[in-house]
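# Secondary and tertiary structure notes
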Amino acid sequence: MFEFKSSLEATFQSWSKPASESEEAKCENAIRMIKDALSKSVALKNRDIQVIPKGSYHNNTNVRLTSDVDIAVKLKDVFFCRLSRWARS
């Protein structure tokens, strides 16, 4: 029983560590790729857009080496659209 508890504690301590350098590089690369794609878009390049790491990875609660990276893309501008052509009469 004590051996199992010790093993679980070691596992949880391992999981609670911050991202490794390679994991951090993966996150930074994902953010860079999103920003590059936004800057190449004619429709989006001049918009006020914020790219934000989110989720367990950002909060250091992820399972190391097995987690994905959640990234939010937030449009901070105001925009208007015309829906009349889709409205039913």
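Conventions used here
Residues numbered from 1 in each chain as written. Predicted model: local features only at pLDDT ≥ 70, side-chain atom pairs only at ≥ 80, totals over all residues. Heavy atoms only, no water. Helix = DSSP H or I, 4+ residues; strand = E, 2+ residues; numbered from the N terminus. Buried < 20%, exposed > 50% of the residue type's maximum accessible area, 1.4 Å probe, protein only. Areas by Shrake-Rupley, 256 points an atom, 1.4 Å probe, with all protein chains shown as cover. Salt bridge = Lys/Arg side-chain N within 4 Å of Asp/Glu carboxyl O. pLDDT = per-residue confidence, 0-100.

Turning next to the overall build of the protein. A tally of regular secondary structure across the protein gives 3 helices and 2 strands. Its helices and strands taken in sequence order, the protein reads α-α-β-α-β from the N to the C terminus. Across the 89 residues in the protein, those meeting the buried criterion constitute 9%. Accessible surface, the protein as shown: approximately 7700 Å² in total, 55% of it carbon and sulfur.

To continue, consider the environment of Asp-48. Within the secondary structure, Asp-48 sits in the loop between helix 2 (21–40) and strand 1 (49–54). Sequence separation between Asp-48 and Val-78 is 30 residues, and the spatial gap between their C-alpha atoms is 9.3 Å.

Summed over all chains, the structure comprises 1 salt bridge. Residues Asp-36 and Arg-32 are paired through a salt bridge, measuring 3.2 Å at the closest nitrogen-oxygen approach. A residue pair is termed a helical-turn pair when its members lie 3 or 4 positions apart in one helix, as Asp-36 and Arg-32 do in helix 2 at 4 residues. Arg-32 sits in the partly exposed class, given a relative accessible area of 44%.

This next bit is on the confidence of the model for the protein. For the protein, per-residue confidence averages 76 on the pLDDT scale, and residues scoring 70 or more make up 64% of the total. Within the protein, helix 3 (residues 55–58) has the poorest average pLDDT of any element, 62, and strand 2 (residues 70–75) the best, 91.

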